[in-house]
Amino acid sequence: MFEQLPLFAKKALAWSVHLFTASGAVWGFLTLLAIFDQKWRATIVWMIVAMFVDGFDVMLSRWFHVKEYARVLDGGLLDNIIDYLNYVVVAALILIKAPNILPTGFEMVGAFSILLTSAYQFTQVDAKTDEQSFFFKGFPSVWNFLVIYMMLLGLHPWINLILLVICNILVFVPVKYLYPSRNTRLRRLTLGLTYLYGAIGVWALLQYPSVPQWVVWISLVYVGYYALLSFFPKIGHVNAI
C-alpha cells in the first residue's frame, strides 16, 4: 500500500517518523521536570511514553522507508541522542533526586559514573554487532530500567550501589546482549515474552506508587530469560539441536 502512494506522501510519512523519534526529547524533558519536582508518578508516565516512542520508531522507519525518502537526516544518530537523554540522563537525575536509592554521599558519584560510561558505550563504532542475531556489545546502558527496579524493589542503598558498579564495569566487558526485536533465536517466544513484559510493566507502573510487588518479581523472570539468551548464544540456535 505504501508503494502506491504519491512521492510527496511517501516523503511526508518518512519525515513524520523522524518527528516521532525526535518527540522523545520532549518526553525526556518532561521527565526531567517531573524529577526536579519529585513528582514520581508523572516521572514514570513520561518515561513510559518515551520508551513507547523508542520501541516503535525503528519499526515505523522500516515501514515508511525513511532511509530512502528522508535520508537527509541520520535516523540512527537522532535515535542515539534521544536514547542518551532518556536512558542515561534521566536515570542519573533520578539517582540524585529519589530518596534512599544510593547511600548518602554517593548520589553524585553514581550519576557521574553512568553518564561517563554510557558516553563510551554509545559511541563505540561496534557497539551494535552486525551478526545475524544483532547484539549490543557491553551492557547496553538501560539505566532507566535499572533505577525503576531500584525504586520498586526497595533494596538497601548499598546493594543498589553494588549493582550500579557491576553494570558500569560490564559496559567495558565485550559480552553481547540480545537485541530482542531483531533476535532470530526462539524469535516468537522472545517477542511474545517481550511484549508481555512490556504490557504488564506498563499496567503496573501506571499504578505507582501502589505497584503490586508480585508484578515486580515476576518481571524478573523475563530479565533472567533475556540474560540466558544473551550470555549463552547456543540456546535456541538451530545448530545446537
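No experiment lies behind these values; they were computed from the predicted model shown.

Conventions and cut-offs
Residues numbered from 1 in each chain as written. Predicted model: local features only at pLDDT ≥ 70, side-chain atom pairs only at ≥ 80, totals over all residues. Heavy atoms only, no water. Helix = DSSP H or I, 4+ residues; strand = E, 2+ residues; numbered from the N terminus. Buried < 20%, exposed > 50% of the residue type's maximum accessible area, 1.4 Å probe, protein only. Phe/Tyr/Trp six-rings, centres within 6.5 Å; stacked < 30°, edge-to-face > 60°. pLDDT = per-residue confidence, 0-100. Patch = residues over 30% accessible without salt bridge, like charges linked within 9 Å, V, L, I, M, F, W, Y side chains within 5 Å. Areas by Shrake-Rupley, 256 points an atom, 1.4 Å probe, with all protein chains shown as cover. Salt bridge = Lys/Arg side-chain N within 4 Å of Asp/Glu carboxyl O.

S.K.: Tell me about the environment of Gln-124, and please be specific about residues and values.
M.R.: Position of Gln-124 relative to the elements: it lies in the loop between helix H5 (107-123) and strand E1 (135-137). Take Gln-124: its relative accessible area is 12%, and that puts it in the buried class. Distance from Gln-124 to Phe-8, taken between C-alpha atoms, is 36 Å for residues 116 residues apart in sequence.

S.K.: I'd like to hear about the packing of aromatic side chains, residue by residue, with values.
M.R.: Tallied over the full model, the rule gives 11 aromatic pairs. Consider the rings of Trp-27 and Trp-46, whose centres lie 5.7 Å apart with planes at 10 degrees: the pair is stacked. Of the two residues, Trp-27 is situated in helix H1 (residues 7-36) and Trp-46 in helix H2 (residues 40-63); the sequence distance between them amounts to 19 residues. Consider the rings of Phe-106 and Trp-158, whose centres lie 5.2 Å apart with planes at 65 degrees: the pair is edge-to-face. Placement of Phe-106 in the loop between helix H4 (75-97) and H5 and of Trp-158 in helix H7 (residues 157-170) is noted, with a sequence separation of 52 residues between them. Residue Phe-106 is classed as partly exposed on the basis of its relative accessible area of 31%. We classify Trp-158 as partly exposed; its relative accessible area is 44%. Site record: aromatic cluster; members linked through ring pairs are Phe-139, Trp-143, Tyr-177 and Phe-231.

S.K.: Tell me about the confidence of the model for the protein, and name the residues and values.
M.R.: When pLDDT is averaged along the protein, the result is 89, and 95% of the positions lie at 70 or above. Across the protein, the element-wise mean pLDDT spans from 81 in E1 up to 96 in H7.

S.K.: Give a detailed account of a nonpolar patch on the surface, specifying residues and quantitative values.
M.R.: On the surface, a nonpolar cluster with roughly 520 Å² of combined accessible area is contributed by Leu-186, Leu-189, Leu-228, Phe-231, Phe-232 and Ile-235. Position of Ile-235 among the secondary structure elements: in the segment after helix H9 (213-231).

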